[in-house]
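Working through the structure, step by step
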Amino acid sequence: MTETFPLAEPIWCAGCGHFSVLSALDAAFDRLDVPRHEAMVLAGIGCSGTIQNHVTAYGYHALHGRVLPAAAGAKLANPSLTVIAAGGDGDGLAIGGGHLLHAFRTNPGITYIMMNNGTYGLTKGQASPSSQLGFHGATEGRAADPIMLGLSLPGTTFLARGYSGDAAQLATLTDAAIRHSQAGKGFAFLDVISPCVAYNDRYHNWRARLCDLDTVDGYDPRDRTAAFSLAAALEAEGKKPTGLVYEGEGLALEAALGAAPADANIDPAANMPAVRELMDSFRG
Ligand SMILES: Cc1ncc(C[n+]2csc(CCOP(=O)(O)OP(=O)(O)O)c2C)c(N)n1
Ligand code: SF4
Ligand SMILES: [Mg+2]
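All of the points below concern the structure found in this document. (Residues numbered from 1 in each chain as written. Chains lettered and ligands numbered in written order. Predicted model: local features only at pLDDT ≥ 70, side-chain atom pairs only at ≥ 80, totals over all residues. Heavy atoms only, no water.)

Re the sheet that holds strand 7 (residues 210-212)
The line we're drawing: A pair of strands is considered paired only if DSSP assigns at least 2 bridges between the two. Strands here mean DSSP runs of E at least two residues long; helices mean DSSP runs of H or I at least four residues long; both are numbered from the N terminus. Only the contacting stretch of a helix is used when fitting its axis, a line to C-alpha atoms as for every element, and angles between N-to-C directions run 0 to 180 degrees.
Read across the sheet, eight strands follow the order 2-1-3-4-6-5-8-7 without closing on themselves; strand pairing throughout is mixed. Since the sheet does not close on itself, it has two edges, and those belong to strand 2 (58-61) and strand 7, each with one partner. Sheet twist, expressed as the mean angle between neighbouring strand axes with direction ignored, is 25°. Judged from the five bridges that link them, strand 1 (residues 39-43) and strand 3 (residues 82-88) form a sheet pairing that is parallel. If you follow Leu 42 over to strand 3, its bridge partner there is Ala 85.

Here you go:
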């Protein structure tokens with residue numbers, strides 16, 4: 001692998017779940033033979049929002065909550081890029097929650113990794129939409145579950161959940177998510193339970209609350225209704241499914257839209273007749 005500039009070392013706290021997400025993503029590019037000059041990693045704002053600084057690929061640091069429209073724009077401009085969006089639960093469920101809904105709905109061919117720790121880590125531990133009830137005395141309501149949101153929308157094509165404490169499963173799911181988008185099937189959403197050891201350290205309690213779908217007899221990730229029923233039943237017991245929750249067929253937004261700017265013919269001679277025609281139309 002050739003690096004064109006030295007990568008910044010993460011300054012995350014020792015033990016932060018985000019390290020596992022970074023390892024899985026960086027290694028996925030190699031496992032899937034994605035040339036680094038054909039990959040782009042975009043991130044939002046938060047501790048999670050520095051991940052693009054630590055991967056050899058094109059990088060972009062979006063405004064808080066705006067990583068999904070920026071990533072979709074990159075993919076639509078150049079569909080041959082492998083585009084990864086990443087960010088926290090605050091970034092993607094609070095200020096950016098509306099964009100998640102529309103990405104689920106419109107199905108752009110990007111992979112979105114939510115580094116979900118149930119808190120605003122960077123700004124020192126405020127409650128986020130996925131915080132557990134009672135966190136810092138928060139009484140606003142039950143935690144939002146982005147996978148269940150995705151299951152409830154007919155347009156979604158890939159929904160999976162990993163856990164920073166299970167590196168092997170996280171690697172498998174990261175590869176599967178990127179492959180889904182590369183295959184032209186659209187938006188791949190990977191929710192990663194990635195504990196914040198400084199402000200919401202729940203490693204001790206997550207493992208007992210996770211249900212690995214590979215251990216569920218007869219589970220079929222193509223059956224949306226069964227997936228929702230199981231997720232709801234687990235939720236009622238305070239648990240969450242991990243693994244590939246749902247995968248369906250779909251047509252990525254970039255394929256549905258057709259011509260992309262990066263594929264346009266920019267040869268001046270070839271474009272001159274159209275330019276002349278346009279100028280003539282102004283002259284009346
Ligand atoms: C427009 C705007 N509003 C608020 C902030 C302050 N802010 C910075 S990061 C952040 C939340 C980070 O939480 P999350 O996305 O969960 O990432 P984490 O740090 O937990 O990885 C907030 C509210 C900001 N940078 N910009
Ligand atoms: S504050 Fe939390 S999210 Fe941020 S680097 Fe530390 S452990 Fe990770
Ligand atoms: Mg967070």
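Here we look at the side chain of Thr 82
As a reminder, the rule being used: To sort residues, take the accessible area from a 1.4 Å probe on protein chains only and compare it with the maximum for the residue type: under 20% means buried, over 50% means exposed, and anything in between is partly exposed. What qualifies as a polar contact is a pair of N or O atoms within 3.5 Å, subject to a donor-acceptor requirement within protein and to the restriction that residues adjacent in sequence count only when both atoms come from side chains. Residues are treated as being in contact if the distance between any of their heavy atoms lies within 4.5 Å.
Looking at the secondary structure, you find Thr 82 in strand 3. What makes Thr 82 buried here is its relative accessible area of 9%. Among the polar contacts listed, one links the side chain of Thr 82 to the side chain of Gln 182, at a separation of 3.2 Å. Sequence-distant contacts of Thr 82, defined by excluding residues within four places in its chain, comprise Phe 29, Val 34, Glu 38, Ala 39, Met 40, Ile 178 and Gln 182.

Section: the environment of Ala 85
Looking at the element boundaries, Ala 85 is found in strand 3. Sequence spacing of Ala 85 and Val 41 is 44 residues, and the spatial spacing of their C-alpha atoms is 5.9 Å. Residues contacting Ala 85, with those up to four places away along its chain left out, are Leu 42, Val 67, Leu 68, Ala 71, Thr 111, Tyr 112 and Ile 113.

Digging into the site of ligand 2
Condition: Distances are taken per atom, and a residue is near a molecule or strand as soon as one of its heavy atoms is within 4 Å of it. Grid points spaced at 1 Å over the protein atoms alone were grouped into cavities, where a 1.4 Å probe fits but cannot get out, and pockets, open sets with protein on both sides within 12 Å along at least five of seven lines, with lining residues defined by an atom within 4 Å of a point. Throughout, a molecule is located in a cavity or pocket provided that more than half of its atoms lie within 2 Å of its grid points. In this classification, Asp, Glu, Lys and Arg are treated as charged, Ala, Val, Leu, Ile, Met, Phe, Trp, Tyr, Cys and Pro as nonpolar, and every other residue, Gly included, as polar.
Around ligand 2, the neighbouring residues are Trp 12, Cys 13, Cys 16, His 18, Cys 47, Asn 117, Gly 121, Cys 196, Val 197, Ala 198 and Tyr 199. Under a 2 Å grid-point criterion requiring more than half of the atoms, the pocket assigned to ligand 2 is the second largest pocket. Of the residues belonging to the shell around ligand 2, the class tally is eight nonpolar, three polar and no charged.

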